[in-house]
Amino acid sequence: MNRESTPIRSNEFIRFGITCDFHSRRLVVTLGVTKIRGFQNGGKMTPTLLTNTRNGRATHLPFGEKRDGPLFNQSILSVKQFSHDDLETIFQVADEMRMMVERVGSFDLLKGKVLAVLFYEPSTRTSSSFIAAIQRLGGSIIPINEVKYSSVAKGESLPDTIRTLEAYADVIVLRHPETGAAALAAKYARKPIINAGDGVGEHPTQALLDLFTILEERGSIDGATVTMLGDLKYGRTVHSLARLLSLYNVKLNYVAPELLRMPAELVAELDGRDVKQYQAESLDQVLGDTDVLYVTRVQKERFANLDEYEAVKGSYVITPETMSRAKPNMVLMHPLPRVGEISDQVDRDPRAAYFRQVEYGMYVRMALLAMVLGKA
Ligand code: CP
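We now turn to the structure provided with this report.

1. Structural notes on the sheet that holds strand 16 (residues 331–333)
Part 1 of the argument: The sheet built from 5 strands is open, its strands ordered 14-13-12-15-16 with parallel pairing. What marks the edges here is a single partner per strand, and that holds for strand 14 (276–280) and strand 16. Across the sheet, the mean angle from the axis of one strand to that of its neighbour is 20 degrees, orientation sign disregarded.
Part 2 of the argument: Examined bridge by bridge, strand 13 (residues 251–255) and strand 14 share 5 bridges and lie parallel to one another. Across the sheet, the residue bridging to Leu-252 is Gln-277, located in strand 14.
Part 3 of the argument: Its contacts with the sheet put helix 5 (residues 204–218) on strand 15 (292–295) and strand 16, and the angle it makes with strand 16 is roughly 155 degrees.

And the structure:
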């Protein structure tokens, strides 16, 4: 509900009270007060202080050294390393990044810092959003998006590649097909490693942006019923997201073909933390109660037996008819890429949040880079 009489832009900050988010074309209300001062200097962004509160808790983006933050000089390897307070801080900084981008586009918070982007697997969003994130913060990149054109093709080991890149870069973002590769890299590295997906293991920065999306779209995470649909066995994004959601008061529904169910170890891990979990036989069973529907593609590249892939591919598709049976304020998410699980016809539905989710990813990755490099 807009308590202000004057119109405000998407996520525009206002001095007192309520921030309304028209970005999603639905009204999401968060309590907040934001102040920015001294941020114009000959067209360059040189803010001296930005404070932002979300639901009464303040954070500061001081635009100086900040070496006492929870992520300073830390690798980001797994969502298991985050506390509820860490998440709140990351989301507050991401909110601030969003406002800064909306107001000035880019600013030199990380000027002089270099990010190495080392991807052993294909990526559009994760690699591009990290590149956009460091560039919008005034830093630069070493892009190795195609390891077959690097010395990896000559047989160089991961530890040697990491030890080489850290000679040039301040932080390394790594995607690798093997579970545990990011942890291995971090063992050898003196600089922080950010896990951008390690096989069927984890994709922690995706889970952070997923959670940020839920927060931005709904206004809160607590109280949500989140239904995960699709390849819950090989989908690393759902593994990370389920773990992060376990820090909140949520209910998790799992809907997957028999072959692709959520791993029993992960279900047991969350059971141990008293998370409400329900294995549904079909989406119809849970759709009406769902606040967030998180759809994933079947991960063809993870199947040892392609006959099994053929047996399950196309077994679920979200269509306008599906949406007609969902809550009017349900949030429809997908980490993307999609390969048919959500019909293009759903894209115009205001509940379809997956392309906004992509954008939120850049703000979260800007926040992570700034925090890891001691600037927020
Ligand atoms: N969601 C995600 O990880 O997308 P990319 O594979 O394109 O990076």
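Having put the structure on the table, let's press on.
2. Quick look at the environment of Glu-202
Part 1 of the argument: Along the polypeptide, Glu-202 turns up in the loop between strand 11 (193–198) and helix 5.
Part 2 of the argument: Here the alpha-carbon distance between Glu-202 and Gly-180, two residues 22 residues apart in the chain, equals 8.8 Å.
Part 3 of the argument: Aside from chain neighbours lying at most four places away, what touches Glu-202 is Ser-78, Val-79, Asn-195, Arg-236, His-239 and Ser-240.

3. Regarding the nonpolar core
Part 1 of the argument: Residues Ala-367, Leu-369 and Ala-370 are the most contacted members of the largest nonpolar core, which totals 99 residues.
Part 2 of the argument: Considering every element that reaches this core, the biggest residue donor is helix 11 (residues 354–372), with 11 residues.
Part 3 of the argument: Filtering out sequence-adjacent residues up to four positions away, Leu-369 remains in contact with Leu-110, Leu-115, Ala-133, Ile-134, Leu-137 and Val-171.

4. Focus: the sheet that holds strand 8 (residues 114–119)
Part 1 of the argument: Across the sheet, which stays open at both edges, the 4 strands sit in the order 9-8-10-11 with parallel pairing between neighbours. For this open sheet the edge positions go to strand 9 (140–144) and strand 11, each flanked by a neighbour on one side alone. Sheet twist, expressed as the mean angle between neighbouring strand axes with direction ignored, is 15 degrees.
Part 2 of the argument: When strand 8 meets strand 10 (residues 171–176), the two strands line up parallel, connected through 5 bridges. When the sheet's bridge partners are listed, Phe-119 is paired in strand 10 with Arg-175.

5. So, helix 5
Part 1 of the argument: For helix 5, with 15 residues, the first-to-last C-alpha span of 21 Å sits near the 21 Å given by 1.5 Å per residue.
Part 2 of the argument: Helix 5 sits mainly inside the fold: 15 of its 15 residues count as buried.
Part 3 of the argument: Trailing helix 5 by a residue or two, Gly-219 shows a phi angle of about 90 degrees, which is positive.

Cut-offs and rules
Residues numbered from 1 in each chain as written. Predicted model: local features only at pLDDT ≥ 70, side-chain atom pairs only at ≥ 80, totals over all residues. Pairing = 2+ DSSP bridges. Helix = DSSP H or I, 4+ residues; strand = E, 2+ residues; numbered from the N terminus. Axes fitted to C-alpha atoms, helices over the stretch in contact; angles between N-to-C directions. Contact = placed C-beta atoms within 7 Å. Core = buried A, V, L, I, M, F, W, Y, C linked by C-beta atoms within 7 Å. Buried ≥ 20, exposed ≤ 12 C-beta atoms within 10 Å, placed from the backbone. Expected span 1.5 Å × (residues − 1).

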